[in-house]
Amino acid sequence: MESYRFVVHGRVQGVFYRKFVAQNLRRLGVQGYVRNLPDGTVEVVVRSTEEELPQIEKILYEGSPMSEVESVEREELDEDDLIYDGFEIRY
């Protein structure tokens, strides 16, 4: 398992994007969190296998019906020992 950080750009705040992401990543069994950032982007941090990344990115690009995702940046985090209790929305 690895830890990854995604930053999602576009119309992703105030359009139920975080709820959509949380619901879908919980279904996959992914651990981590999603939160709004002050610059209007959304941060998603997950602990997952490399094999799950295509499914995760598909969900992040799809977004909620009212969202418009322009791009998704991904980086691998050094903190391989991060432990999350499920997947949560942070405020």
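Each value, and the rule that gives it
Residues numbered from 1 in each chain as written. Predicted model: local features only at pLDDT ≥ 70, side-chain atom pairs only at ≥ 80, totals over all residues. Heavy atoms only, no water. Helix = DSSP H or I, 4+ residues; strand = E, 2+ residues; numbered from the N terminus. Buried < 20%, exposed > 50% of the residue type's maximum accessible area, 1.4 Å probe, protein only. Salt bridge = Lys/Arg side-chain N within 4 Å of Asp/Glu carboxyl O. Phe/Tyr/Trp six-rings, centres within 6.5 Å; stacked < 30°, edge-to-face > 60°. Lys NZ or Arg CZ within 6 Å of the ring centre and 35° of its normal.

A. Main features of unusual backbone geometry. If you check the backbone angles, Phe-16 has positive phi at about 65° while not being a glycine. Among the secondary structure elements, Phe-16 is positioned in the loop between β1 (2–11) and α1 (17–28). Owing to a relative accessible area of 58%, Phe-16 belongs among the exposed residues under this scheme.

B. Spotlight on the pattern of salt bridges. Summed over the entire model, instances satisfying the criterion amount to six salt bridges. Glu-68 is the salt-bridge partner of Arg-11, the closest N and O atoms lying 3.0 Å from each other. A residue pair is termed long-range when its members are at least 10 positions apart, and Arg-11 in strand β1 and Glu-68 in strand β4 (residues 68–77) qualify at 57 residues. For Arg-11, a relative accessible area of 43% puts it in the partly exposed group. In this structure, Glu-88 and Arg-90 form a salt bridge, with 2.7 Å as the shortest nitrogen-oxygen distance. For Arg-90, a relative accessible area of 30% corresponds to the partly exposed category. Among the charged side chains, a network of salt bridges with common partners joins Arg-5, Arg-35, Glu-43 and Glu-75.

C. Layout of the packing of aromatic side chains. Scanning the entire structure with this criterion turns up one aromatic pair. Measuring from centroid to centroid gives 5.9 Å for Tyr-33 and Tyr-84, while their planes differ by 65°, and the two rings are edge-to-face. Residue Tyr-33 is found in strand β2 (residues 31–36), and its partner Tyr-84 is found in the loop between β4 and β5 (87–90); the two are separated by 51 residues along the sequence. With a relative accessible area of 9%, Tyr-33 lands in the buried category. Taking NZ or CZ as reference, Arg-90 lies 3.8 Å from the ring centre of Tyr-33, over its face.

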